[in-house]
Amino acid sequence: MSYELSHLRELEAESIHIMREVAAEFENPALMFSGGKDSIVMLRLAEKAFHPAKIPFPMLHIDTGHNFPEVINFRDRRSEELGIKLIVASVQDAVDSGIATDETGPRASRNRQQIPTLLDAIETHKFDALFGGARRDEEKARAKERVYSFRDDFGQWDPKAQRPELWSLYNGRIKMGEHIRVFPISNWTELDIWQYIAHDDVAIPEIYFSHQRTVFERDGMLLAKSEWVDLMDGEEYFEETVRYRTVGDMTITGAVESDADTVEKIIAEVAATRKTERGATRADDRSSEAAMEDRKKEGYF
Amino acid sequence: MSEILRFATAGSVDDGKSTLIGRLLYDSKAIFEDQLESTAKASEKRGMEMDLSLLTDGLRAEREQGITIDVAYRYFATPKRKFIIADTPGHIQYTRNMVTGASTADVALILIDARNGVIEQSRRHSFIASLLRIPHIVVCVNKMDLVDYSEETFDEVREEFREFAMRLDVPDLSFIPVSALAGDNVVDKSTNMDWYDGPTLLSHLETLHTASDRNMVDVRFPVQYVIRPMNDEYHDYRGYAGTVAGGVLKPGDDVVVLPSGFESTIKSIDTLEGPVDEAFAPMAVTVRLNDEIDISRGDMICRPNNQPIVSQDIDAMVCWMDETQSLSPRKKYSIKHTTRAGRVMIKDINYRLDINTLHRDEEATEISLNEIGRISFRSTLPLFVDEYRRNRETGSFVLIDEATNSTVAAGMILGESAG
């Protein structure tokens, strides 16, 4: 008998440990659920951490209103299956009540508007810990973020004043009004996520698999035709066989040309790819070298 | 063989650490085109050729100042293993970051410039690696291309390092002559050093045996969370969730629960996939016992004939991590040890260590930022501890300032205080 775990089982154990730690030490945690593969895996890990009891915290979705319909259906189905509460904080409501302002023009997105919406939801529901599905391999600012990422009264991240994090000892002490963002899958890579989805037979929304879609090309990305984006000069719609590597708003998430219609084919594709998922498919991370760091400082996921 | 290998590197810009990591990542295809492009762009903006350190230096302040401030975690995989790199700055003012990176590492990668031999920084990194009980140290004698790939130079550096390492506690030490820049012996075997018949760095990391590093003897199960579904299907279910910190647990085993001392036997070890026949570190499972005992978070399940030290008076080595205050006797802090939380008072500073010379200053009255020393403290409630060298999980703790909530110290337990 060899006392060794596969890499997926070791990553899983670490994530479960983190989630139980949060459930034990915080009054009012919630799991941020976007409907993307990372938050889906995180939800599956939460299911494992507390089995046979129900997950002891609600799901929180920051709803921009610009979602893929498949993803919203998936979200509703999962919360029902697990019997846990789904809290939806809507960017539209935040815009209507004046907390957030919509961008205008053909490049308008609701990416930044998620920040005030999220911070408002945290205040309203008095969340003291929020699980996020961010991974350190995604982006260079994230590579330096703690598993327990401390946020002040304004929800801000201060990269220079991060608490040292050693062994598997996490410091969750906060004062009233502060909170911790917790990233239980920090050490997973995109490939790990896909291997886990295959290994555990985790259900994911259809848009991750190859399908036909009406798209247009902008900045080297294939964006989907939707009611929220207008074409600019020289752009035109065409049909393409695509799939999504990440799931964000329809306005900023690019599709990749792909015939991968099974998880196994996706794994082969991810293993061979030479571009990161965010670099290839996310307009929100392309604006500057420090785009992610700047948004995180303001309270982004 | 364990599929995940965590290794820590420490170093400053000019010792070639970034180039070495860059090469490992690039040659194992873990660097992507868009990352390379954005690094090339950023390098160009600074009037430089490709600067691989910009790949790892993720924060704006780091790029602006051209230094690594914090621990960066990097990932790559080969068909044999998944690697997690804790990449830390090497300068003495970042000792706390090195300690942080070292706390979870299986392997410490120490870089030595073949032209300079063992310098103060290499000694410091090696000491931290041994203090944090990193089981394997791999010394890369780098820039071999600049010493004409000389076997004699390599041997000299190796002997110099060995002599120094005899004063440390290093279970496994190996040496590899490399040129990170030229690629010799990093991923591909060098054709310039026929005299070296050992493995390349990557192949050494891929095959390093880490199974015996974990404690499989002393059963330690800190209870993290009590699972009580309280629904019709699992009406009387009461499970103790936690991560195995040592030993192997099996259904039927006799166990004792600390601090109560009540004994029972393991009824089952549960996971969502169903019960398992045994659990070992670092598995996260749920244990059920055959008797109804009052157990809560912070309790410890172990074997009656093999129990940890139960004590309120502990001796430990600490690394101080807070810039706003120092550690001194009579001060009080919160402690987090396994899943147990309590308060401690510092009783005594035994000595402060000069981490460059290993000289012990027994007159020291405080331990400040980035300093390491031996202390004794008293805790308000008994802790269930093992010597850190015997178990990194039950032998480690952090101290937290109760006013600022900052993590101020990392501690490694030596044992119960004498007298």
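Residues numbered from 1 in each chain as written. Chains lettered and ligands numbered in written order. Predicted model: local features only at pLDDT ≥ 70, side-chain atom pairs only at ≥ 80, totals over all residues.

## Comments concerning the environment of B:His204
Residues and elements named next belong to chain B.
Next, step 1: Tracing the backbone shows His204 in helix α8 (residues 201-207).
Next, step 2: For His204, a count of 17 C-beta atoms within 10 Å puts it in the partly exposed group.
Next, step 3: Sequence separation of His204 and Val187 is 17 residues, and the distance between their C-alpha atoms is 9.8 Å.
Next, step 4: Once residues lying within four places of it in the same chain are set aside, the contact partners of His204 are Val138, Ser174, Ile176 and Pro199. (Helix = DSSP H or I, 4+ residues; strand = E, 2+ residues; numbered from the N terminus. Buried ≥ 20, exposed ≤ 12 C-beta atoms within 10 Å, placed from the backbone. Contact = placed C-beta atoms within 7 Å.)

## Overview of the domain arrangement of chain B
All names here are of chain B.
Next, step 1: Assigned domains within chain B: domain 1 (4-213), domain 2 (221-302) and domain 3 (309-416).
Next, step 2: Computed from C-alpha atoms alone, the centre-to-centre distance between domain 2 and domain 3 is 30 Å.
Next, step 3: Class assignment for the residues of the side of domain 2 that touches domain 3 results in 6 nonpolar, 4 polar and 1 charged. (Domains from an automatic or database assignment. Nonpolar A, V, L, I, M, F, W, Y, C, P; charged D, E, K, R; others polar.)

## A closer look at helix α7 (residues 151-165) of chain B
An α-helical segment advances 3.6 residues per turn. Residues three or four places apart therefore align on the same side.
Residues and elements named next belong to chain B.
Next, step 1: Here α7 spans 21 Å end to end across 15 residues, near enough to the 21 Å set by a 1.5 Å rise per residue.
Next, step 2: Of the positions making up α7, those classed as buried are Phe154, Val157, Phe161 and Ala165. Taken down its axis, α7 places every buried residue within 70° of arc, on the same side. Of the exposed residues in α7, those oriented more than 90 degrees away from the buried face are Glu152, Glu159 and Glu163.
Next, step 3: Contact partners of the buried residues in α7: β4 (107-113), α6 (120-131), β5 (136-142) and β6 (172-177). (Expected span 1.5 Å × (residues − 1). Arc of directions from axis to C-beta.)

## Quick word on unusual backbone geometry
Residues and elements named next belong to chain B.
Next, step 1: Cis geometry is adopted by the peptide bond preceding Pro259, which originates at Leu258 and carries an omega value of 10°.
Next, step 2: Looking at where Pro259 falls in the secondary structure, it is placed in the loop between β11 (254-258) and β12 (262-270).
Next, step 3: Phi at Met230 takes a positive value of approximately 50°, unusual for a residue other than glycine.

## Structural notes on the sheet that holds strand β15 (residues 300-302) of chain B
Residues and elements named next belong to chain B.
Next, step 1: If you trace the 7 strands from one edge of the open sheet to the other, you get β7-β15-β11-β12-β14-β9-β8, paired in antiparallel fashion. Edge positions in the sheet fall to β7 (221-222) and β8 (225-227), since each of these pairs with one other strand and no more.
Next, step 2: Pairing geometry for β11 and β15, over 3 bridges, is antiparallel. Directly across from Val257, in β15, lies its bridge partner Ile301. (Pairing = 2+ DSSP bridges.)

## A few points about the domain arrangement of chain A
Residues and elements named next belong to chain A.
Next, step 1: What the domain assignment lists for chain A is domain 1 (7-192 + 290-298) and domain 2 (201-285).
Next, step 2: Taken over C-alpha atoms, the centre of domain 1 sits 23 Å from the centre of domain 2.
Next, step 3: Facing the 24 residues of domain 1 at the interface are 22 residues of domain 2.
Next, step 4: Looking at the side of domain 1 that touches domain 2, the element that brings in the most residues is helix α2 (residues 37-50), giving 4 residues.
Next, step 5: Its residues assigned to classes, the side of domain 1 that touches domain 2 shows 9 nonpolar, 8 polar and 7 charged.

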